[in-house]
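Given next are the chains, with one letter for each unit.
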Amino acid sequence: MNPINSRREVLISLTSVAAMLAGAAARAADKAGPLPRLKPTEPLAMALSYFEDAGKVDAKKFPTYKPGQLCSNCLQLTGKAGDEWRPCNLFPGKLVHANGWCKVYVKKP
Ligand code: SF4
């Protein structure tokens, strides 16, 4: 067999395997479904004073809170802009509300 043809066949096979693995990973992610939503009553949420609705933050109790601070404009929020519930680096494996807030809020630059 010609070594160039052989290498080409190996590359084609590897590409096909990679595409199959990517498809399987995507299907597994679909089956797993979305991450669960963080409940404000969970221990880490309570430790960081997480609110699902920043409008309910008591500014006297949390003097670092300023109106307009929302998870949606926090540096720690990831995921897709515009989604109501998104992942946060501080709460791995959970989703926080875009209109939420917690005491480690950092404005996104
Ligand atoms: S770190 Fe930011 S995005 Fe995460 S819960 Fe706190 S305010 Fe929201």
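Residues numbered from 1 in each chain as written. Predicted model: local features only at pLDDT ≥ 70, side-chain atom pairs only at ≥ 80, totals over all residues. Heavy atoms only, no water.

**Q** Would you explain the overall build of the chain in this entry?
**A** A tally of helices and strands in the chain yields two helices and two strands. Ordered by position from the N terminus, the helices and strands of the chain form the series α-α-β-β. Burial statistics for the chain: of 109 residues in total, 25% are counted as buried. At a minimum sequence separation of 6, the contacts of the chain that also span at least 24 residues come to 60%. (Helix = DSSP H or I, 4+ residues; strand = E, 2+ residues; numbered from the N terminus. Buried < 20%, exposed > 50% of the residue type's maximum accessible area, 1.4 Å probe, protein only. Contact = heavy atoms within 4.5 Å.)

**Q** Looking at this model, I keep getting lost on the pattern of salt bridges. Mind explaining?
**A** Oppositely charged side chains may form a pair once their charged atoms are brought near each other. Inspection of the entire model under this criterion finds one salt bridge. One salt bridge in this structure joins Lys94 and Glu42, with 2.7 Å as the shortest N-O distance. Taken together, the residues Lys94 in the loop between β1 (85-87) and β2 (95-97) and Glu42 in the loop between α1 (3-32) and α2 (43-47) connect sequence positions 52 residues apart. (Salt bridge = Lys/Arg side-chain N within 4 Å of Asp/Glu carboxyl O.)

**Q** Before we go on, may I ask you to explain the nonpolar core in this structure?
**A** A general feature of soluble globular proteins is that nonpolar side chains tend to end up buried together. Within the largest apolar cluster, twelve residues are counted, these being Leu38, Ala45, Leu48, Tyr50, Cys71, Leu77, Trp85, Cys88, Phe91, Leu95, Val96 and Cys102. When sequence neighbours within four positions are dropped, the list of residues in contact with Phe91 reads Leu38, Leu44, Ala45, Leu48, Tyr50 and Val96. Ala54, Tyr65, Cys74 and Tyr105 belong to the second-largest nonpolar core, a separate cluster that totals seven residues. (Core = buried A, V, L, I, M, F, W, Y, C linked by side-chain atoms within 4.5 Å.)

**Q** Could you clarify how one ought to interpret the packing of aromatic side chains in this entry?
**A** What describes a pair of aromatic rings is the distance from one ring centre to the other and the angle between the planes of the rings. In this structure the tally under the stated criterion is five aromatic pairs. An angle of 45° between the planes, with centres 6.5 Å apart, marks the rings of Phe51 and Trp101 as tilted. Pair noted here: Phe51 is in the loop between α2 and β1 and Trp101 is in the segment after β2, with a separation of 50 residues, a long-range link. Using a relative accessible area of 22% as the deciding quantity, one classes Phe51 as partly exposed. Cluster of aromatic residues (ring-pair linked, three or more members): Phe51, Phe62, Tyr65 and Trp101. (Phe/Tyr/Trp six-rings, centres within 6.5 Å; stacked < 30°, edge-to-face > 60°.)

**Q** Please explain the site of the ligand as it appears in this structure.
**A** As a matter of local geometry, the ligand sits amid Tyr50, Cys71, Cys74, Gln76, Leu77, Cys88, Phe91, Trp101, Cys102, Val104 and Tyr105. Looking at the shell around the ligand residue by residue, the class counts come to ten nonpolar, one polar and no charged. (Near = heavy atom within 4 Å. Nonpolar A, V, L, I, M, F, W, Y, C, P; charged D, E, K, R; others polar.)

**Q** Would you take a moment to explain unusual backbone geometry for this structure?
**A** In most cases, non-glycine residues show a negative phi, while peptide bonds are predominantly trans. Even without a glycine there, the phi angle at Ser49 is positive, about 55°. Along the chain, the position of Ser49 falls in the loop between α2 and β1. The buried category is assigned to Ser49, whose relative accessible area is 13%.

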